[in-house]
Amino acid sequence: MAGILKPPGAFQVTPHKVSVCILLQIYAPPGQVAVPFPFSSADHHNRFGLFLLALTKSFDDIFEPKLDDLIHQLRGIGGLVNYFLIDSLTNRLSSLLSPDDLFNFFNDTRGVLGGPDVILEADQVVLDPNSNLGMFVRRCVLAFNLLTFEGVCHLLNSIGAYYKEALSSCSPNEAPQLDDSSNDLETLSEYENMDLENFVFEKVTEEMEARQRAGGRVSFHLHAPKALVGLVEDIEVPADPKLKYGDKLREGCHYAHPPSNTLRDLDPNGGLFLRTNWQVQGFLQEQADALEKQGGSFSLNDFELMLRQLQSLAPELHRVHFLRYLNSLYHDDYFAALENLHCYFDYSAGIEGFDFVPPASVSDTLGRFEIALLCLGMMHFHFGHPKQALEVLTEAVNVSRQQSNETCLAYTLAAICNLLSETGISCTTGILGSSYSPLTRIGISLSVQQQLFVLLRGSLKRADNLKLKRLVASNHLVMAKFDLTHVQRPLVSFGPKASMKLKTSPVNVCKELRLSSQLISEFAAETSSMTTDGAFSTAWLKNLEKPMDLQVLSHESGGSRPSAFQFCAEPSPVPASVLQLVGSSYLLRATAWETYGSTSLARFNAVVHATCFPDVSSTSDTALAYLKLIQHLAVSRGYKEAFSALKIAAEKFLSVSKSRILLLKLQLLHERALHRGHLKLAQQVCDELGVLASSVTGVDMELKTEASLRNARTLLAANQFSEAAAVAHSLFCMCYKFNMQVENATVLLLLAEIHKKSGNAVLGLPYALASLSFCQSFNLDLLKASATLTLAELWLALGSNHAKRALSLIYGAFPMILGQGGLELRARAYIVEAKCYLSDPSFSVYESPDVVLDPLRQASDELQLLEYHELAAEAFYLTAIVFDKLGRLEDREEAAASFKNHILALENPQDEEDPLIDMF
Amino acid sequence: MNLKDNYRIELRAAIRQLTDRCLYAASKWAGEQLVGIEHDPAKFTPANTRFQRGSSSIRRRFRSSEVISTPIAGVSYVSTPIMEEDEIVDGDFYLLAKSYFDCREYRRAAHALRDQGGKKSVFLRCYALYLAGEKRKEEELMELEGPLGKSDIVNRELVSIERELSTFRKNGTIDPFGLYLYGLVLKEKGNGNLARTVLVESVNSYPWNWNAWLELQSLCTTVDILNSLSLNNHWMKEFFLANVYQELRMHKESLSKYDYLHGIFGFSNYIQAQIAKVQYSLREFDLVEGIFEDLLRNDPYRVEDMDMYSNVLYAKECSSALSYLAHRVFMTDKYRPESCCIIGNYYSLKGLHEKAVLYFRRALKLDRNYLSAWTLMGHEFIEMKNTPAAVDAYRHAIDINPSDYRAWYGLGQAYEMMGMPFYALHYFRKSVFFQPNDSRLWIAMAHCYQTDQLNMIDEAMKCYKRAANCNDRESIALNQLAKLNADLGRTEEAVYYYKKDLERMEDEEREGPNMVETLFFLAKYFREQKKFEEAEVYCTRLMDYTGPEKERAKSLLRGIRMEQTGAPSMDIERFPP
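Not measured: the values here are computed from a predicted model.

This part takes up the overall build of chain A. When helices and strands are counted, chain A shows 41 helices and zero strands. By sequence separation, contacts in chain A at least 24 residues apart represent 70% of the contacts at least 6 residues apart. For chain A, the exposed surface amounts to about 41700 Å²; the carbon and sulfur share of it is 56%.

Let us now look at the overall build of chain B. For chain B, the count of helices and strands is 32 helices and zero strands. Excluding contacts between residues fewer than 6 apart, the proportion of contacts in chain B whose partners are at least 24 apart in sequence is 59%. For chain B, the accessible area works out to roughly 27000 Å², and carbon and sulfur atoms hold 52% of it.

This part is about unusual backbone geometry. Residues and elements named next belong to chain B. Even without being glycine, R104 reaches a positive phi, approximately 65°. Inspection of the secondary structure puts R104 in the loop between α5 (92-102) and α6 (106-112). Here R249, not a glycine, exhibits a phi torsion of approximately 60°, which is positive.

Let's shift gears to the nonpolar core. Ranked by size, the top nonpolar core spans 234 residues in total, and within it F239(B), F240(B), F265(B) and Y415(B) carry the most contacts. The element best represented in this core is helix α7 (residues 119-144) of chain B, accounting for ten residues. Among all residues touching F240(B), those that are not within four sequence positions of it are W210(B), W213(B), L216(B), Q217(B), C220(B), L226(B), L229(B) and L231(B). A673(A), I831(A), A859(A) and A895(A) belong to the second largest nonpolar core, which has 81 residues in total.

Okay, the side chain of E134(B) next. Among the secondary structure elements, E134(B) is positioned in helix α7. The residues contacting E134(B), other than those within four sequence positions of it, are N155(B) and E188(B).

Time to look at the UniProt feature "repeat: TPR" (unreviewed entry) in chain B. Residue and element names in this part refer to chain B. Mapped onto the present numbering, the UniProt feature "repeat: TPR" (unreviewed entry) falls on residues 337-370, 371-404 and 405-438. End-to-end, the C-alpha atoms of residues 337-370 are 8 Å apart, and along that stretch the chain is 79% helix and 0% strand. Span residues 371-404 is 79% helix and 0% strand, its end C-alpha atoms 9 Å apart.

As enumerated under the stated definition, the model contains 49 aromatic pairs over all chains in all. Between F322(A) and Y325(A), the ring centres sit 5.5 Å apart and the planes meet at 50°, which makes this aromatic pair tilted. Residue F322(A) and its partner Y325(A) are located together in helix α16 (residues 319-330), separated by three residues, close to a single helical turn. Judged by its relative accessible area of 9%, F322(A) falls in the buried class. Under the relative-accessibility criterion, Y325(A) is labelled buried at 3%. A network of ring pairs unites the aromatic residues Y7(B), W29(B), W210(B), W235(B), F239(B), F265(B) and Y270(B) as a single cluster. In this structure, R589(A) is placed above the aromatic ring of Y586(A), and the distance from its NZ or CZ to the ring centre is 4.8 Å.

As for its position among the elements, R308(A) is in helix α15 (residues 300-313). A sequence separation of 13 residues divides R308(A) from H321(A), and the C-alpha atoms of the two residues are 9.2 Å apart.

Further remarks concern the environment of A813(A). Residues and elements named next belong to chain A. Tracing the backbone through its elements, the reader meets A813 in helix α37 (residues 803-820). Classification of A813 by relative accessible area gives buried; the value is 5%. Spatially, the C-alpha atom of A813 lies 7.9 Å from that of S786, the residues being 27 residues apart in sequence. Among all residues touching A813, those that are not within four sequence positions of it are A785 and T788.

Turning our attention to the confidence of the model for chain A. Within chain A, residue pLDDT values average 70, and 65% of them lie at 70 or more. Long-range and interchain partners of residues 171-276 of chain A, a stretch whose pLDDT sits below 50, account for 147 contacts in this model, where long-range means more than four residues apart.

Looking now at the packing of helix α1 (residues 15-27) of chain A against helix α4 (residues 82-94) of chain A. Between two packed helices, both the angle of their axes relative to each other and the distance between the axes serve to describe the pair. All names here are of chain A. Two elements in contact, α1 and α4, have axes separated by 10 Å at closest approach and are oriented at 125°. With respect to each other, α1 and α4 are oriented oblique. Seen from above, α1 lies across α4 with right-handed handedness. Contacts from V18, S19, I22, L23, Q25 and I26 of α1 reach α4 at F84, L85, S88, L89, R92 and L93.

This part takes up a nonpolar patch on the surface. Residue and element names in this part refer to chain A. Together, W593, L601 and F604 make up a nonpolar patch on the protein surface, roughly 280 Å² of accessible area in all. Within the secondary structure layout, L601 lies in helix α27 (residues 599-612). With a relative accessible area of 34%, L601 lands in the partly exposed category.

Once that is clear, we can look at the pattern of salt bridges. Taken as a whole, this structure holds 48 salt bridges over all chains when the rule is applied. In this structure, E893(A) engages R892(A) in a salt bridge whose closest nitrogen and oxygen atoms are separated by 2.9 Å. Take E893(A): its relative accessible area is 45%, and that puts it in the partly exposed class. One connected set of salt bridges, linked through shared partners, spans K28(B), K277(B), D299(B), R302(B), E304(B) and D305(B).

Attention now moves to the side chain of Q667(A). Here Q667(A) lies in helix α30 (residues 658-676). For Q667(A), the side chain forms a polar contact with the side chain of E706(A), separated by 3.0 Å.

Right, let's talk about the packing of helix α34 (residues 741-757) of chain A against helix α36 (residues 781-797) of chain A for a bit. All names here are of chain A. Packing of α34 against α36 brings their axes to within 10 Å, and their N-to-C directions diverge by 20°. With respect to α36, the axis of α34 lies roughly parallel. In this structure, α34 crosses over α36, and the sense of that crossing is left-handed. Of the residues in α36, those in contact with A745, T746, L749, A752, E753 and K756 of α34 are L783, S786, A787, T790, E793 and L794. Within the contact of α34 with α36, the residues separate by chemical class into six nonpolar, three polar and three charged.

Right, let's get into the state of the cysteines. Residue and element names in this part refer to chain A. As enumerated under the stated definition, the model contains zero disulfides over all chains in all. With no disulfide of its own, C733 lies closest to C735 among cysteine sulfurs, the gap being 9.3 Å. Taking the relative accessible area as the measure of exposure, C733 reaches 40% and is therefore partly exposed.

Residues and elements named next belong to chain A. The end-to-end C-alpha separation of helix α39 (residues 850-866) is 24 Å, in line with the 24 Å expected for 17 residues at 1.5 Å each. Along α39, the residues classified as buried are V852, L853, P855, L856, A859, S860, E862, L863 and L866. Positive backbone phi, approximately 60°, marks E867, located one or two places after α39.

Turning next to the confidence of the model for chain B. Residue and element names in this part refer to chain B. In this model, chain B carries a mean pLDDT of 83, and residues with pLDDT of at least 70 account for 88%. This stretch, residues 46-74, has a pLDDT under 50; its non-local contacts, to residues over four places away or in other chains, come to 37 contacts. Interface confidence for the predicted complex, expressed as ipTM, amounts to 0.71; the pTM equals 0.68.

Another point: helix α30 (residues 532-542) of chain B. Side chains three or four residues apart in an α-helix point the same way, a direct result of the helix having 3.6 residues per turn. Residues and elements named next belong to chain B. Among all positions in α30, only F532, A535, E536, Y538, C539 and L542 are buried. For α30, the buried positions fall inside an angular range of 165° around the axis, keeping them on one side. Summarising the contacts, the buried residues of α30 are in contact with α28 (491-507), α29 (513-528) and α31 (548-565).

Here the focus is the environment of F48(A). Structurally, F48(A) is set in helix α2 (residues 42-57). Placed 24 residues apart in sequence, F48(A) and L24(A) show a C-alpha to C-alpha distance of 9.6 Å.

Reading the values: rules and limits
- Residues numbered from 1 in each chain as written.
- Chains lettered and ligands numbered in written order.
- Predicted model: local features only at pLDDT ≥ 70, side-chain atom pairs only at ≥ 80, totals over all residues.
- Heavy atoms only, no water.
- Helix = DSSP H or I, 4+ residues; strand = E, 2+ residues; numbered from the N terminus.
- Contact = heavy atoms within 4.5 Å.
- Areas by Shrake-Rupley, 256 points an atom, 1.4 Å probe, with all protein chains shown as cover.
- Core = buried A, V, L, I, M, F, W, Y, C linked by side-chain atoms within 4.5 Å.
- Buried < 20%, exposed > 50% of the residue type's maximum accessible area, 1.4 Å probe, protein only.
- UniProt positions renumbered as here; feature names shortened; annotations may be inferred.
- Phe/Tyr/Trp six-rings, centres within 6.5 Å; stacked < 30°, edge-to-face > 60°.
- Lys NZ or Arg CZ within 6 Å of the ring centre and 35° of its normal.
- pLDDT = per-residue confidence, 0-100.
- Axes fitted to C-alpha atoms, helices over the stretch in contact; angles between N-to-C directions.
- Parallel < 35°, antiparallel > 145°, perpendicular 65-115°, else oblique.
- Left-handed = near helix turned anticlockwise from the far one by under 90°.
- Patch = residues over 30% accessible without salt bridge, like charges linked within 9 Å, V, L, I, M, F, W, Y side chains within 5 Å.
- Salt bridge = Lys/Arg side-chain N within 4 Å of Asp/Glu carboxyl O.
- Polar contact = N/O pair within 3.5 Å; in protein donor to acceptor, adjacent residues only side chain to side chain.
- Nonpolar A, V, L, I, M, F, W, Y, C, P; charged D, E, K, R; others polar.
- Disulfide = S-S within 2.5 Å.
- Expected span 1.5 Å × (residues − 1).
- Arc of directions from axis to C-beta.

Here is the structure:
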């Protein structure tokens, strides 16, 4: 109906529910005493009751189980009496031939309930009307009584179809066997124990990708209703769904077959067993979470196919459009995403089950289109259209104010903050001119950064007021990011000029990060009311099935019987989204420490993220954590280890964050090529990076800087100083324009290096000093140490009379370099130290040779690990000279030989056997 | 024998055969064409003239255009031999079944024919089954779901009918009617490609079944598909092509086909109505009104296509004529979706939007795929400021026909009303994509760009330019272009557009505030440019107006005169002698 949305679906009588009612009649026949007929003991009887409880709890699968499935489950439960149970079930079903039979049946069903006035005799089995089972029966009876005659006819028809289907698929030789269940258990446990990652790593074949997909899917199968699994997969649905899991894992080649018979599964009767709106929504919510988390690992077409079928089965369910939107979003299909997004919000008017708490305002009936704008803005953000995104989000701000939707406003502001902090927008005037900012209204123009700060503060406050905990936490994260990269200055308009403290404040970053992590404790304190009920009860049944089988086994072997009641499913009290947020706070911590120059803490935080949050955080986040670890390996342990780690990571994140892994690979290759003096390869890799950074898929400033930084370094290595300086200069201009201060420091340092290498030490000095001051104000300790080192080198280059000054500079930087620096930095420092001593006229080698030799040895060891030929040659050269002076001829020859080797390798980089060259 | 006599003979046989197979709609259509064939003046009988007298005026109107359409007459058509019936004498069971069918007892009819083997019997049995399934489907729709909700209910007989007919087709024992039914079933099962092939086979072997052509038409969604069909060059194909062109919005092509057909079937109400439809799409409302008046005179109890007539009356705001029409169709058949739609239109014109919605709802209850009712209901909701409901209604229209530009436009309007101009742009873009030659759409989009929130003037100007290029009737575009250019200080462009606007207004003899504004701007401009003569011309034109305009024009003119005589005149003014 136009403008009116259907309420969540009502409880409907379906054939499966009729079956459950039949079983309930067997469970609690009226007038029976103690243990009713087919059951051997009270325990046996109770177990059956528990099974029924599970069935009634799980009535919210999207599809109800078919009769086959039910029979199969009964076989597992009933033990020796399963024949009787199955027989009476099928008999009773087949006897329902006319509407009158149905009327009588439900009349009988009412009999299993004990009325309030019934005096209970001892041991009599009567269902309490207020118990779970009793409620179920009452709801069934009520729903039946509400049916019109047409409804009864429909029910009768569908029962006929339900029963006929089971008959036709149940082949005669598939008689119930006792070993069947144990067989089943075996496959089940095999499936349970299978370590998916090992499985994937073992068989790196061509089918890798397909398998990976299969592996990625399994976790979602665990929660997915069985019938849907049948939809998703291209295999025919066998009688035993569990067996199928085993099959699939054993022979992943099923995926090679084209989906020929999927459409056949969609028989016209399928719709009759569809579950209520509300329950399907639970499932879709789950899928949406999975999609957002795993992004590209979903196959576009498979998922699309499933969604399309779901849509034809449940046309009223608009959320399907949203999932289609998500699906196309994560597969970078702009047009489809746009279409589906508009489609979803046109249909649902934003009212349908969004995560927001509906406010009690009057405007509720008018739709929540501001949410549509918010989503559209996020979409543009995702596709890298910052201007459009800003435009849409501004509109969202306006509309949410009109509708006084504070929650949406808070989210929108947070989104704008994210946008401003992540994409480089050099100038917001004109775009944000009419937007939210109390200051622009006074007429003061602010820089982007100031505007961002004001927005951030406002958004944080708003979120705090509205008690949107997750938003508060993520706002804290953005705030931390802001504090990390921005010097805090008082805003012009606020009060008297405060004392200018031109430094970033790590304390603030730390504080924000901590505040964001507090979220987890707040959620842990709450109960698990957040989880979607649909997901919960499916998980519940799955959990219950497992112990049931176990217990059957133990019962038959006469062993001890564990209480069946201990298997209450207890989902994690903290929702996954919260955990994800906490995980990303760890990732941010790692980044922060990386920037502040504490490699060990950065590594520690990355390890925490990679080990504690891989299940909850998105794959791209996990990939980022791995990436950081690998980078650390490369810097501190050399390339061999880094590349072997990279290989593992690349397999793990095969399809997901390909670009990120690819980027890392290119970075490592480039670094290595530069060290080995393989300039051609370096240039090649550099070009590749340039392609990645091109603006075809939106602009990534980080990537862009990275690409031109590397370009400059390649040029420097090729001794094309003026070109290198030009590239570095333009890069500096860009970073300055977009306010990328941290990058500025790096670029300045590079410029100093260029001048140093070109022999123009005097020109290099101001750059080095500028970089140093940047590092100081942003607390970039490691970079500062490295800048100090360069400064020392520059002084040394000015002449031997500056050797003392250089030495003292190095000594000042040594604690940082030795504690946190990588191989290259350390080696460089050692060499410079030795050079300082050697060029100091007051120093005598004969008196204390070890003062020079020790650092040189250290340096050459580390450089060999790094395969840095140029510096290694220098180190050996110096060593050889020292030995020569000392008269240790043998040692001298050895050093000279090493020197020669390195020089040769440097001159002919192609001749060398390169095991990693095929990586490229 | 004469060509027209040939048509007549073919149509007469076809009507008999179609009626025999209970394809009543097709036989009705053929009947209309049969009496629509123009008689040779030499041998018309008084009995025929009775029917033909009424449409004389419309004939006169179309005579002029007939000259253009004659060239097609050179085409020679293939003649398809009239089908011979395999059973000369109908079986008893067949007669019984047909009676049941006529009483709408479809299952009973099918049952009566259960063991009959003739092609005709087989067809009737399958067709009866199909209709029984359709009937049941409709009922289930009502039982299970709200009548306006979507649903997944399907005709349950489709599977068995398809199985049976496909075996017949493989054996080669299927007649054209069987093929038609097979195509219908395939189409409903979503197998469009095969359905198209089968339907082409059907119409090639039996071209007089209009139902089959219609099904084929609904499967031709693009020109490419249409061109890929291999159809025999029968004269029925012309009707088909005219219809398809119209659906594909190739109005000119469609109109020329209809004009040609009108030369032969001069008295066919169907063709008249179709011409009206095309002219309606071309927004020639006066012409359409005339055609419908004639139609109603000849065929006073016609309900088909009358909703379009009501749209025209609505657009021309003739409420009394609309009420008369509404009353007339109401008395004829009140439970036709068209009738409800007409009444809805009437209430809408009267500003009673709630009642209008009520009737549009009823129309949709009668036919849930009634496209224009969804769109019109959306418009009503817009009027009632119930934007979410409007959005919903428009979306339904788009579900039925994704290229319905009115619905896209409506959606854009709804979102613009909600203060989401950027979001609305998406819909306007869609709308102009499907109807690039409608100036109203471009203007709406330009308006969207022009809102304070977006303020994207350059884009707005681009849209206005497009609008100006596609025959903008109200000439909003030119005026806006001139204004925007003036605001941006691009005086030259502004003058260009003001002049152009002025020319148009002169051509169409329109007056109004725009005229005054234009004249003032031009007068001022030429005064600044020291082209006093031209400035004076515009000023004198302004003097024709009364009220403040006249006074302003006077003072302006005085200024011009003074400047013209040079600076000293100022002194003279100031110090009169």
